[in-house]
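Structural description and commentary
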Amino acid sequence: MKKGKICTSRKDRKEEAARSDAMASERESRWTICAVIVFLIAICAAHITDRPASSRPHRKTSVLKMDEAALSVINEVEEEMMLYVLSDHCYQCLPQPLGIIPARPASGTPATVGFVVGTQHALTLLINSTSTQQQCKVNFHFGEQGNYSLWVKNLNEPSQISCAMITDSDPINSYLPILFAFLVFAFLAALSAIWSTVKRLDAVTNLLLRLGGTVETERLINSELGTPNRLVDASTESIIPATTGRRLRSLDTFRGLSLVIMVFVNYGGGRYWFFRHESWNGLTVADLVFPWFVFIMGTSIGLSLSGSLRRGVKRTHLLWKVFWRSLQLFLIGVIIINPNYCQGPLSWDSLRIPGVLQRLGFTYLIVAALDLAVSPDRLTNLSSETCWYWVHDICLYWPAWLCVIILETVWLCLTFLLPVPGCPTGYLGPGGIGDFGQYQNCTGGAAGYIDRWLLKDNHIYQTPSSRVLYFTTMPFDPEGVLGSINSILMAFLGLQAGKILLHYRDQHRQIITRFLMWGLILGIISAVLTKCSRNDGFIPVNKNLWSLSYVTTLSCFAFVALVFFYYTVDVKKWWSGAPFFYPGMNSILVYVGHEVFEEYFPFRWKMANSQSHTEHLAQNLLATSIWVFIAFLLYRKKIFWKI
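Residues numbered from 1 in each chain as written. Predicted model: local features only at pLDDT ≥ 70, side-chain atom pairs only at ≥ 80, totals over all residues. Heavy atoms only, no water.

Taken in spatial order, the 4 strands make up an open sheet running β4-β1-β7-β8, and their pairing is mixed. The sheet is open, and its two borders are formed by β4 (111-118) and β8 (161-169), each paired with just one other strand. In this sheet, neighbouring strand axes are inclined to one another by 25 degrees on average, regardless of whether the strands run parallel or antiparallel. Across 6 bridges, the pairing between strand β1 (residues 68-75) and strand β7 (residues 147-154) is parallel. Across the sheet, the residue bridging to Asn-75 is Val-152, located in β7. (Pairing = 2+ DSSP bridges. Helix = DSSP H or I, 4+ residues; strand = E, 2+ residues; numbered from the N terminus. Axes fitted to C-alpha atoms, helices over the stretch in contact; angles between N-to-C directions.)

So, in structure tokens, the structure goes:
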């Protein structure tokens, strides 16, 4: 009887292991099915959402591009005038001439002239007479592919002129594709959550095992090998510390989300302006992801180096690995941002040196070296009654904090005290037509000057985002030398998040409380630096400069986001982190791969209508999801590219 019970117990364990493996496999594969469904729907939606535009032939959509509208100016005044345009998003900019408005040829016959205007932001139209006297001013936000008429008329007195804007044909709603994609993803996520709940029922699980039994399942049930290692007793698993012995899924999920958004915006983001980098001050979705990636890198540094030191690895060996990895990141970055393999031999005269991976490599080297210099081999266990227990995760590493404060002081001094030829000291503006055109060649102030002095003009980025709105002509690199100091600060704040996870291990409430406190403190600092405004603060939020307020604002967001991921993924386990978890586990491969194969099928193809947000959005979503799927396959095959 005992032998029979032992056999039965062993068989039960095997069946339970097989059931667990089958459920895990199905949970991972359902994200693949969801992704395929989304893209089939997105491709179909490209044709559906394009129909309203083509069904109105009286619109001049054939000559208009994305983010453009047609404006007809009808002049009933017997005087030639000049039309100027100014974007409300352009801070302290000079109005730009759009064209001449001819005088009416005869009484009762108005003159008509057509223009194309932008639709991304509200515009101010200024009509001046040839004597440069302003006649009228109209502020209006044009809609994409819309047709508008601006009537210029005399009032009762010939010297008084009125302007009236009329909508001739309604614009299209270019945001419907985003809404449609969001609803589809939300529906699939809800469907997946419902299915995950239903699937946990014993009756459903047994039914799935019977219907979907495979050769592998039978082999596991009938085999004597490997079963005990596949099953972990619940009581044993509950005492495994969340930050030791296994990776924190929340960190990989957060890293993966940042990477997925980064890939999406790099591929074009559907050509929507808010999925592109801000021209100068302010934030868009594209400006969020790189700092978050740097933040999570700092958190991972704290966890990985602490584990290595506890295992007895020598600091000199770890320092060499840090240096070698930083060098590899720098070299890979230089290679992928200079893709001349299709354009003949690479010219050293135009080699761009700064870049994303170069910034990551340099930041990683400095922050990891600081952590190695001050971290103890074993974590200090302080009693909660110690007077400085609540700040011991900071006080124990005060030399590193001192170094970071010194570096930040250097950034402040160089930014606001370094004399820049031809520019005001402490200038933070974009140059070009900004600041009323007074400092056209001062783009970036000290940051741009240092890059052009150290690296020379030909070795930095030639087409910065400031050219779009401010019409700048100077090269400027958003990954330049001076901004690297603040990226060190960003990674160091991420390192502090890692120290909190280490020192308050398994104390979930303490960890979450400290994350929120850091978010609050950094948010207050950002509010003071920016005066809660886009352009009027002491130090505006600026991605191109990697300004101090940019770092504090994005770090505030990162701490709050980390609370969400940590609580839902690692504490409550309401969410497995899929599908973002998979690219987070293979971040370097996904980033390098998406840069190298950006112009290749199936990531890009010739569109039927290249001036359609819908087709661009479908293409960019598909390309991004392919990389998520590739990361999922690599995860299943246990293939991870680490350098």
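Below, the discussion takes up helix α12 (residues 398-417). In a regular helix each residue adds 1.5 Å, so 20 residues correspond to 28 Å; α12 covers 28 Å between its end C-alpha atoms and thus fits that length. Taken together, the buried positions of α12 are occupied by Ala-400, Trp-401, Val-404, Glu-408, Trp-411 and Thr-415. The arc that holds the buried residues of α12, viewed along the axis, is 100 degrees, so those residues lie on one side. Of the exposed residues in α12, the ones pointing more than 90 degrees away from its buried face are Trp-398 and Leu-417. Those residues of α12 that are buried lie in contact with α10 (356-374), α11 (392-395), α13 (446-454), α15 (483-503), α16 (508-530) and α17 (548-571). (Expected span 1.5 Å × (residues − 1). Buried < 20%, exposed > 50% of the residue type's maximum accessible area, 1.4 Å probe, protein only. Arc of directions from axis to C-beta. Contact = heavy atoms within 4.5 Å.)

Take the side chain of Ser-258 next. With respect to the element layout, Ser-258 can be found in helix α7 (residues 249-266). Contacts of Ser-258, omitting those with residues within four sequence positions, involve Val-289, Trp-292 and Phe-293.

Take the packing of aromatic side chains next. Within this structure, the stated rule accounts for 37 aromatic pairs. Between Trp-401 and Trp-518, the aromatic rings sit 5.8 Å apart at their centres with planes inclined by 10 degrees, giving stacked as the arrangement. Taken together, the positions of Trp-401 in helix α12 and Trp-518 in helix α16 put the pair 117 residues apart, joining distant regions of the chain. Residues Trp-401 and Trp-518 agree in their burial class; the two are buried. An aromatic cluster is defined as three or more aromatic residues linked by ring pairs; in this entry it consists of Tyr-175, Phe-264, Tyr-272, Trp-273, Phe-274 and Phe-275. (Phe/Tyr/Trp six-rings, centres within 6.5 Å; stacked < 30°, edge-to-face > 60°.)

Mapping Val-313 onto the fold places it in the loop between α8 (289-310) and α9 (315-336). Spatially, the C-alpha atoms of Val-313 and Asp-377 are 9.4 Å apart, while their sequence positions differ by 64 residues. Among residues more than four places away in sequence, those in contact with Val-313 are Ser-308 and Leu-318.

The final tally for this structure, using the stated rule, is 3 disulfides. Between Cys-136 and Cys-163 runs a disulfide, and the two sulfur atoms are separated by 1.8 Å. Judged by the torsion about the S-S bond (-65 degrees), the Cys-136/Cys-163 disulfide is left-handed. Within this pair, whereas Cys-136 is found in strand β6 (residues 134-140), its partner Cys-163 is found in strand β8, the two being separated by 27 residues in sequence. Put simply, Cys-423 and Cys-442 are joined by a disulfide, and their sulfur atoms are 1.9 Å apart. Judged by the sign of its S-S torsion, about -100 degrees, the cystine formed by Cys-423 and Cys-442 is left-handed. Taken together, the positions of Cys-423 in the loop between α12 and α13 and Cys-442 in the loop between α12 and α13 put the pair 19 residues apart, joining distant regions of the chain. Note on Cys-423: relative accessible area 13%, which makes it buried. Residue classification places Cys-442 among the buried residues on the basis of a relative accessible area of 4%. (Disulfide = S-S within 2.5 Å.)

Mapped onto the fold, Asn-609 is located in the loop between α19 (587-596) and α20 (613-636). Engagement of the side chain of Asn-609 in a polar contact is seen with the backbone nitrogen of Gln-611, the distance being 3.1 Å. (Polar contact = N/O pair within 3.5 Å; in protein donor to acceptor, adjacent residues only side chain to side chain.)

What follows concerns a nonpolar patch on the surface. Together, Trp-320, Phe-323, Trp-324, Leu-327, Phe-330 and Leu-331 make up a nonpolar patch on the protein surface, roughly 590 Å² of accessible area in all. By secondary structure assignment, the location of Leu-331 is in helix α9. (Patch = residues over 30% accessible without salt bridge, like charges linked within 9 Å, V, L, I, M, F, W, Y side chains within 5 Å. Areas by Shrake-Rupley, 256 points an atom, 1.4 Å probe, with all protein chains shown as cover. Salt bridge = Lys/Arg side-chain N within 4 Å of Asp/Glu carboxyl O.)

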